[in-house]
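Results of the structural survey
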Amino acid sequence: DRQTLVAVLQFLRRSNLRESEEILRREARLLGDDLGGSVATVASSSPGVAAVAAVPPGKGSPGGAPSLSSPGSRDQVSVVFAGSTVKGRVGGGVVVEDQPDVSAVLSAYNQQGDPTLYEEYYSGLKHFIECSLDCHRAELSQLFYPLFVHMYLELVYNQHESEAKSFFERFHGDQECYYQDDLRVLSSLTKKEHMKGNETMLDFRTSKFVLRISRDSYQLLKRHLQEKQNNQIWNIVQEHLYIDIFDGMPRSKQQIDAMVGSLAGEAKREANKAKVFFGLLKEPEFDVPLDDEDEEGENEEGKPKKKKPKKDSVGSKSKKQDPNAPPQNRIPLPELKDSDKLDKVMNMKEAARRVRLGPECLPSICFYTFLNAYQGLTAVDITDDSSMIVGGFADSTVRVWSVTPKKLRSVKTAADLSLIDKESDDVLERIMDEKTASELKILYGHSGPVYGTSFSPDRNYLLSCSEDGTVRLWSLQTFTCLVGYKGHNYPVWDTQFSPYGYYFVSGGHDRVARLWATDHYQPLRIFAGHLADVTCTRFHPNSNYIATGSADRTIRLWDVLNGNCVRIFTGHKGPIHSLAFSPNGRFLATGATDGRVLLWDIGHGLMVGELKGHTDTIYALRFSRDGEILASGSMDNTVRLWDAVKAFEDLETDDFTTATGHINLPENSQDLLLGTYMTKSTPVVHLHFTRRNLLLAAGAYSSQ
Amino acid sequence: YVTTILEDAKIYSSHAKKSSVDADDVRLAIQCRTDQSFTSPPPRDFLLDIARQKNQTPLPLIKPYSGPRLPPDRYCLTAPNYRLKSLQKKVSSSAGRITVPRLSVGAVSSRPSTPTLGTPSAQTVSVSTKVGTPVSLTGQRFTVQIPSSQAAVKSATPTTPTVQNVLINPSLIGPKNILITTNMVSSQNTSNEANPLKRKHEDDDDYDNL
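Rules and cut-offs
- Residue positions within a chain follow its written sequence, with the count starting from 1.
- The naming scheme follows written order: chains are lettered A onward, ligands numbered 1 onward.
- Restriction of local features to residues with pLDDT of at least 70 applies here, the model being predicted, together with a cutoff of 80 or more for giving and counting side-chain atom pairs; totals for whole chains, interfaces and linings are based on all residues.
- Computation of side-chain values: all heavy atoms of the structure, hydrogens and water removed.
- Here a strand pair is declared whenever DSSP counts at least two bridges between the two strands.
- Under the DSSP-based scheme used, a helix requires at least four consecutive residues in state H or I and a strand at least two consecutive residues in state E, with every element numbered from the N terminus.
- A fitted line through C-alpha atoms serves as each axis, taken over the contacting stretch for helices, and the angle formed by two N-to-C directions is quoted from 0 to 180°.
- UniProt positions are given in the numbering used here, feature names are shortened, and annotations may be inferred rather than shown by experiment.
- Only heavy atoms enter the contact rule, under which two residues are in contact if any of them lie within 4.5 Å.
- The term buried area denotes the loss of accessible surface (1.4 Å probe radius) that occurs when two parts are joined, taken as the sum for both partners.
- Throughout this description, a polar contact denotes any pair of N or O atoms lying within 3.5 Å of each other; where both atoms belong to protein, one of them has to be capable of donating a hydrogen while the other can accept it, and for residues adjacent in sequence the pair is counted only when both atoms sit in side chains.
- Residues were grouped as follows: Ala, Val, Leu, Ile, Met, Phe, Trp, Tyr, Cys and Pro as nonpolar; Asp, Glu, Lys and Arg as charged; and all remaining residues, including Gly, as polar.
- Using a 1.4 Å probe on the protein chains alone, a residue whose accessible area is under 20% of its type maximum counts as buried, one over 50% counts as exposed, and one in between counts as partly exposed.
- Joining through side-chain atoms within 4.5 Å is the link that ties buried Ala, Val, Leu, Ile, Met, Phe, Trp, Tyr and Cys residues into a set, and such a set is a nonpolar core.
- What sets the label is the angle itself: under 35 degrees gives roughly parallel, over 145 gives roughly antiparallel, 65 to 115 gives roughly perpendicular, and the rest give oblique.
- If you view the pair so one helix is near and one far, a crossing is left-handed when the near helix is turned anticlockwise from the far one by less than a right angle, and right-handed when it is turned clockwise.
- The pLDDT value tells you how sure the predictor is about a given residue, anywhere from 0 up to 100.

Digging into the sheet that holds strand 20 (residues 554–559) of chain A
All names here are of chain A.
- Taken in spatial order, the four strands of this open sheet run 18-19-20-21, and their pairing is antiparallel. One side of each edge strand has no neighbouring strand; the edge strands of this open sheet are strand 18 (534–539) and strand 21 (565–570). Taking each pair of neighbouring strands and ignoring which way they run, the sheet shows an average axis angle of 20 degrees.
- Pairing analysis gives five bridges linking strand 19 (residues 545–550) to strand 20, with the strands arranged antiparallel. Bridging across to strand 20, Thr 548 finds its partner in Arg 556.

With respect to the UniProt feature "repeat: WD" (unreviewed entry) in chain A
Residues and elements named next belong to chain A.
- Residues annotated by UniProt as "repeat: WD" (unreviewed entry) correspond here to residues 370–411, 443–478, 485–516, 527–568, 569–602 and 611–643.
- Secondary structure content for residues 443–478 is 0% helix and 53% strand, and the end C-alpha separation is 11 Å.
- Across residues 527–568, helical content stands at 0% and strand content at 57%; the span's end C-alpha atoms are separated by 13 Å.

Considerations on the interface of chain B and chain A
- Chain B puts 31 residues into the contact, and the matching count from chain A is 48 residues.
- Carbon and sulfur atoms supply 61% of the area that chain B and chain A bury against each other, a total of about 3,300 Å² over both sides.
- Among the residues chain B hides against chain A, the three largest losses belong to Arg 44, Leu 59 and Arg 69 of chain B. Together they make up 25% of the total.
- Applying the counting rule to chain B against chain A returns nine residue pairs in polar contact (both at pLDDT 80 or more).
- Considering only residue class, the side of chain B that touches chain A consists of 21 nonpolar, five polar and five charged.

Focus: unusual backbone geometry
- Even without a glycine there, the phi angle at Gln 159 of chain A is positive, about 65 degrees.
- Looking at the element boundaries, Gln 159 of chain A is found in the loop between helix 6 (144–157) and helix 7 (161–171).
- Residue Gln 159 of chain A is classed as exposed on the basis of its relative accessible area of 54%.
- The backbone of Lys 17 of chain B sits at a positive phi, close to 55 degrees, despite the residue not being glycine.
- The exposure class of Lys 17 of chain B is exposed, given its relative accessible area of 73%.

Considerations on the environment of Phe 148 of chain A
All names here are of chain A.
- Inspection of the secondary structure assignment puts Phe 148 in helix 6.
- With 357 residues separating them in the primary sequence, Phe 148 and Val 505 have C-alpha atoms 37 Å apart.
- Those residues within four positions of Phe 148 in sequence are excluded, and the remaining contacts are Tyr 122, Phe 167, Phe 168, Phe 171, His 172, Gln 175 and Leu 183.

Quick look at the nonpolar core
- Formed by 50 residues in total, the largest nonpolar core has its most connected members in Leu 153, Phe 167, Leu 186 and Val 237 of chain A.
- One finds Cys 536, Leu 588, Met 607 and Leu 665 of chain A within the second-largest nonpolar core, a separate group that totals 23 residues.

Considering the packing of helix 1 (residues 2–15) of chain B against helix 2 (residues 23–37) of chain B
Residue and element names in this part refer to chain B.
- Interhelical geometry of helix 1 versus helix 2 gives an angle of 120 degrees and a closest axis separation of 8 Å. Viewed along their axes, helix 1 and helix 2 adopt a mutual orientation that is oblique. Relative to helix 2, helix 1 is oriented so that their crossing is right-handed. Of helix 2, the residues touching helix 1 (which contributes Thr 4, Ile 5, Asp 8, Ala 9, Tyr 12 and Ser 13) are Asp 25, Val 26, Leu 28, Ala 29, Ile 30, Cys 32 and Arg 33.
- Residue composition of the contact of helix 1 with helix 2, by class: eight nonpolar, two polar and three charged.

Focus on the confidence of the model for chain A
- Scored by pLDDT, chain A comes out at a mean of 79, with 80% of its residues at no less than 70.
- Residue range residues 31–106 of chain A is modelled with pLDDT below 50. Its contacts to residues more than four positions away, or to other chains, number 131 contacts.

Description of the pairing of strand 6 (residues 377–382) of chain A
All names here are of chain A.
- Along strand 6, five of the six residues are buried, which leaves the element largely enclosed by surrounding structure.
- The sheet contact formed by strand 6 and strand 7 (residues 388–393) spans five bridges and is antiparallel. From the neighbouring strand, Leu 377 faces strand 7, where its bridge partner is Phe 393.
- If you look at the hairpin formed by strand 6 and strand 7, you'll find five residues sitting between the two strands, and Ser 386 has a positive phi there, around 60 degrees.

Written out as structure tokens, the structure reads:
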């Protein structure tokens with residue numbers, strides 16, 4: 001509301017309605033200090049000129065530095081909207097109002113002066129930075145890209161097309177190589193109309209680009225910019241950039257390069273300070289006899305321990321709560337049914353026969369190739385016990401296959417069900433229809449390519465999300481569609497069931513991820529904050545957090561309980577397409593179109609490793625069952641295995657690192673790489689470790 | 001594309017009572033069309049706003065032992081989306097009376113039990129729903145309201161609502177599939193034609209008894 005008032009004031013001033021403006025100002029008592037700086041209005045003689053600079057509060061820049069752009073030869077009205085009063089990434093925002101003038105006022109780019117002089121300003125800054133000391137140069141060079149983009153967008157917005165073009169031509173080559181994709185998109189934006197409707201660009205304009213600069217470098221920059229007469233750049237810096245200052249040594253180019261790359265700069269220090277419960281939930285205890293299979297069904301949770309020689313209790317033996325684990329009832333989770341307990345028993349048995357992997361003992365890889373997939377394979381999932389594979393295709397079908405010799409059976413029709421003997425012991429077998437058993441079941445229902453699939457942990461349900469904007473729940477007992485969850489009105493790129501079932505997350509083109517429960521037709525939580533599409537969504541093993549990777553090249557970790565973003569990880573140079581949590585819940589591995597796998601420590605919010613080796617987008621990442629090996633599959637037709645134990649040992653995660661971002665990534669990708677396995681021109685779409693640590697991979701054969 | 005735009009522009013200009021199509025009309029026509037065909041996702045502040053709203057409500061508790069957890073039936077795709085037409089022949093009613101099998105299944109708590117015409121037979125269940133009278137059905141099925149306008153009786157029904165509106169407000173009935181039954185005008189003249197109509201509708205509604 002404050003902002004609308006200010007905007008109206010500006011509008012009145014612009015229309016030369018001085019008296020009304022005075023009256024409104026008096027009534028609203030706006031000559032206050034709330035604007036956090038001196039709002040100096042120069043009632044100058046030249047009509048229509050008013051230079052107002054408002055220093056947004058809460059920024060790192062010291063005190064109000066009112067920079068009045070001296071009128072001089074400038075006749076344009078510079079309209080500034082009072083910057084962000086909200087400390088955070090939403091800078092002012094675009095107020096969607098009916099009056100086009102007010103919104104135009106609010107979102108108008110500050111015409112900081114003569115458009116033809118922009119090139120001068122930029123090259124002046126460039127010269128200064130290049131002449132500065134080596135240690136500061138790397139940090140100050142971070143300024144180039146955001147300044148370049150904002151100045152270009154200003155020119156375009158104020159319709160100086162030819163100046164914009166020449167500005168672009170002259171300086172786009174200077175930018176870092178990893179911004180080239182963005183610049184290509186930018187070069188096609190030449191008119192103001194192009195900017196409308198491009199949500200990513202609008203978000204970029206209204207949010208502040210975050211730069212982390214050491215105090216020394218910042219002082220240097222500030223001194224220089226304030227000395228100059230035309231400190232337009234200073235205005236732009238204040239308005240569009242958020243400079244997060246840290247005390248310490250300036251970072252080297254290498255360190256900076258590792259962390260930058262996202263559409264909104266880096267992450268602010270406060271963004272990664274919240275406490276994250278990354279521990280695992282305790283498994284409920286119940287007894288499992290190792291030998292006697294018949295007595296499985298009789299064991300119940302909480303029964304007093306039988307006197308058996310070999311006893312294996314599922315769950316942690318210690319009564320102490322892991323300090324890093326969330327309380328059991330932090331979020332409501334479905335109770336454990338009998339069938340779930342049986343599943344767990346099976347899991348334990350298989351786990352006992354699990355192969356321990358390591359650098360000496362690599363897993364065998366079994367590759368499932370989808371031949372003749374002219375339907376365009378777009379998504380694959382495998383059940384946890386590796387009994388079924390589902391493929392989502394571009395022709396909007398979902399196909400389920402049985403991997404084991406046991407065929408897929410659906411429940412009998414109602415007429416047949418009334419005929420069976422309901423009292424017999426094997427009633428669960430009898431309700432299944434033998435006549436229509438088959439290896440493959442095709443599910444029809446979507447009206448667009450299916451981009452994500454996910455089995456429920458109890459193997460009763462299947463989720464699929466598609467370009468038609470819906471997420472569909474299918475029953476794997478009747479092989480029919482049960483529910484269509486409509487919420488995203490735009491393509492949904494990924495979906496996943498929670499590890500305990502009942503909840504699922506979906507992320508799509510509308511830049512949000514939504515948390516749903518199977519019995520609510522509307523989402524329970526909406527995670528908004530990304531600047532571009534959400535391309536990948538994963539649950540943390542304890543089901544309390546959700547990681548989303550996005551096309552704005554950041555990964556965000558969200559808390560399910562209250563929807564807050566608790567971590568922001570920047571560093572990738574391309575849209576993120578795969579995420580994997582380590583089984584112990586402490587680490588996150590991410591893969592993107594830049595071919596690098598980055599490893600993150602969730603507790604500290606730091607990047608701890610970088611695995612180089614792939615040459616194309618990484619679409620599949622999976623940790624082995626005990627977390628010793630990380631497998632990555634990519635479009636370059638290879639599966640690579642990395643030593644996860646070694647990658648995560650000896651982490652230097654002290655306060656200095658978190659505060660300053662001085663990460664020192666060891667160049668040990670080659671050491672960590674345990675093996676590269678080529679496929680015959682089959683990009684790898686999915687990876688899955690069976691319960692015995694056999695690696696399954698899936699992809700569609702492409703003949704080129 | 002161009003002809004569509006120009007046609008739209010013509011409509012707008014005639015609405016504004018202009019003599020010829022203006023550039024503004026064309027601009028408006030283009031804008032309206034693009035708003036229909038090309039939508040972009042909502043802006044960020046809007047998303048943040050609704051996210052804040054949604055995220056304030058606590059996560060709902062999960063009822064234990066509740067079988068397959070699905071949304072209420074009207075949001076599911078589990079209901080049959082077809083009707084079976086049975087092959088029952090028309091029962092020729094004596095004296096033009098319509099014998100209507102009792103079609104309501106399930107507990108129907110209250111019905112206005114006034115017969116519309118003075119001669120309800122044992123077989124005829126005539127429950128008329130006057131327009132606007134809510135029929136509260138607690139059962140999951142619905143009742144078929146057959147206006148018992150009879151061919152023979154021509155005079156006795158001054159107050160028989162002319163529109164035996166059998167439109168049962170779906171919102172009153174439970175989540176199951178609702179069939180909107182006949183909306184028949186009980187004009188006596190047309191009762192004969194109404195007969196086969198009614199029959200058909202009854203047949204259509206029969207499937208729900210299965």
